[in-house]
Each structure stands twice: as C-alpha cells, then as structure tokens.
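Given next are the chains, with one letter for each unit.
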Number of protein chains: 2
Amino acid sequence: MAKRQSAKNFGAYIDRTIKIIRQNYLKAFKEINVDLTTEQWVLLDSLHQSDGISQNELANGSFKNAPTVSRIVDLLCKKGLTERKRFESDKRRYKVFLTKKGKDTYKKTKPVVVKLRKKGWKNLTDEDYDFFLRIMNQIFENFEEKK
Amino acid sequence: MAKRQSAKNFGAYIDRTIKIIRQNYLKAFKEINVDLTTEQWVLLDSLHQSDGISQNELANGSFKNAPTVSRIVDLLCKKGLTERKRFESDKRRYKVFLTKKGKDTYKKTKPVVVKLRKKGWKNLTDEDYDFFLRIMNQIFENFEEKK
DNA sequence: GAAATATATTTGCCATGGCAACTATTGCTA
DNA sequence: TAGCAATAGTTGCCATGGCAAATATATTTC
C-alpha cells in the first residue's frame, strides 16, 4: 500500500521504467542485427506514418526538440535509412523521407516492437491502459506551462 | 477511450512525462538560485537519508549505473556539496558525505521538491497512486531480466 | 602465498536532450 | 521596398546514461 503522504515520489518510478524500456528495445534490435536505438526507431515510425514531413513536424510528433531531431536525422541519413530534400516553396525546410533501406528496416523492426509492447503490458488490461493514460496525461498537464 | 489493441504504445507517454518533470525541477531550482539538476538532487536526497554510503549503494538506490554516479558525485564535489572519504577497511570504496553546504542546499531545495510533487499529483488521488505504482511496477517487472 | 576471481570505481566513446546562439530564408510592416 | 520579425534548421556546450575496458584493491582457490 502506498504511503498516504501528499507529496508522492512518482518521478523515480517513471524514471526507472523508461530506462528499462529503452534497454529492452536496444537489446531486441541488436538480437535481430539491426543497429538502431529506441529514439531512432521513434522517428522511423513517424516517417512510416507520414513520409516526407519536416523536421519540425517530426519533433512535435515525438516530443523531441529541434536540435535532437536534427542530430538523429543526421544519424539516420548516415545509416542510409532516410534522406532530406528541400521544400521547393520554402527553402528553410526539409522533407524527410524513408529510403528503401529505411522502409525495409522498419518492416523488420515493427514486429519486434509490437512484441515488446505486448511483453511490457503483460498482466495488465485495457482498463489499466485507460487508467494509465489518464494518470500520465494528468501529470503532464499539471506540469505544462500555463499560457 | 484508449484503442483496444494489444500492443500499447505506453513508452511515448512515459517519455514525455519524465521529460516535463525534469524540466520543472530544473526551472524550480533555478528560480531559487540553486544550480542543481534533477539527477543531482536525487543523489543529495539519498545522501540525506543515508549519509556516508558508497557510490555503489548510491547507484542501486537511485536506479543509476556506476559510471553515471561516479560522474555526478564528481560534479557535486566540485560544487562543494559532497565529499569522498575512503573506507578504511576497503580501500576500493568511498564513503560519500554531504558537506555543510550540501546539507544547506538540501534544506533549501526539499520544500521546493515537495511542492513540485504536490503540483504533479494535482487532481489525482491516493487510490490513483496505488494504481499508478501497480502499473509501473508491473511494466518494470515485465521487462526485467529473467534470472 | 601466488594466481585467479570478484568488486568498486573510473574513463572513453557515443546517443539523447536541454538551452542558447547562430545562419538562412521567409513574411510582415511601415 | 528596406528593415525587422518570425521560422526552420544547425551548432556548441554541457548533463545524463549505456556499455565496455581499464585500474586498484579484496577475496578465493589451489
């Protein structure tokens, strides 16, 4: 039973959970010989859903900031998984695309991710997920900047 | 209502939540002119509870690995908040202590952290916390290495 | 008691990410 | 239209942290 104190140390639990999730992703990719981090996969996933979006859009969709996305896209391009093309109408922006290799890598890793997600939610229910989402969103909202 | 699919993308929510928590801690410390990160505070807190423990014990208690603790303790020592003393009986180990300044800093920041924890749990109940702990611990357990 | 093992800590390399400053381009406005 | 503000992206600096290798000391084993 949780301690009945008004100041709850939820951060520590969130921290250790996200850490073990990242480690499991990394290990699972390694096991199928894919050189990809969790965060790199997140961007591949965004691109799979909306190929050709800008880095800014990638950032918004993945809760990352612009510099981080810039650097991860650099890495993905170096690995040959994505490529950048300038917008014609706005030369400040890039469209980021999955290459053939990027699409293949996504196809190869997606089932692994699905398996990881199932593994992570083992012994938990759909109702638990609703509860989980409500709590996570509430904490997030509580800390959001008041406009 | 959450999507009824067996592979639930819980990671993204955990990720964005831990990020906004860290940002709030950092900002709150800055506002009271304390130069301290969230993770540095976590170690101060451990030391406040058990002054003189080793870096290994610090690591275990904070879900950090040994290299990370080593580097954070370096920083804390540079800031004059902690000091290392060798064990007499085991010269591989250090005992890490809070200095006077470290204790003062802890006293100054603790109320701020309590306030942040309350802020983060706004509109959530004790029962929510039990639920939250159960779900977080279950996810963690699901990903833990089978011995 | 010497050699092999185990443990505590450090260091190096790299990825993520926060923040600020910078460049290039576009849009707005007086 | 000249000048300024806004936007997209990059770069630098630093902290965290994962992993592997190195160092120093302790413990075990033969």
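Quick note: structure is the one above.
What comes next concerns the included structure.

## A look at the protein's contact with DNA strand C
Move 1: Residues in contact with DNA strand C amount to 27 residues; listed here are only the nearest, T37(A), Q55(B), N56(B), S70(B) and R71(B).
Move 2: One nitrogen or oxygen atom from the side chain of T37(A) is found 2.5 Å from a phosphate oxygen belonging to DNA strand C.
Move 3: With respect to DNA strand C, the side chain of R84(B) contributes an N or O atom lying 3.0 Å from a phosphate oxygen.
Move 4: Mapped onto the surface near DNA strand C, the elements with two or more residues apiece are α2 (38-49) and α4 (66-78) of chain A together with α1 (10-31), α3 (55-62) and α4 (66-78) of chain B.
Move 5: For the surface near DNA strand C, the residue count by class is six nonpolar, nine polar and twelve charged.

## Regarding the protein's contact with DNA strand D
Move 1: In the neighbourhood of DNA strand D, 27 residues make up the surrounding shell, with Q55(A), N56(A), S70(A), R92(A) and T37(B) lying closest.
Move 2: Each atom of DNA strand D within 4 Å of the protein belongs either to a base or to sugar and phosphate, the latter forming 72%.
Move 3: At a separation of 2.5 Å, a phosphate oxygen of DNA strand D approaches a polar side-chain atom of T37(B).
Move 4: Of all elements in the fold, only α1 (10-31), α3 (55-62) and α4 of chain A together with α2 (38-49) and α4 of chain B reach the threshold of two or more residues within the surface near DNA strand D.
Move 5: At five residues, α4(B) tops the list of elements feeding residues into the surface near DNA strand D.
Move 6: Its residues placed into classes, the surface near DNA strand D shows six nonpolar, nine polar and twelve charged.

Reading the values: rules and limits
Residues numbered from 1 in each chain as written. Chains lettered and ligands numbered in written order. Predicted model: local features only at pLDDT ≥ 70, side-chain atom pairs only at ≥ 80, totals over all residues. Heavy atoms only, no water. Near = heavy atom within 4 Å. Polar contact = N/O pair within 3.5 Å; in protein donor to acceptor, adjacent residues only side chain to side chain. Helix = DSSP H or I, 4+ residues; strand = E, 2+ residues; numbered from the N terminus. Nonpolar A, V, L, I, M, F, W, Y, C, P; charged D, E, K, R; others polar.

Keep in mind that these numbers describe shape and distance, not what the molecule does.
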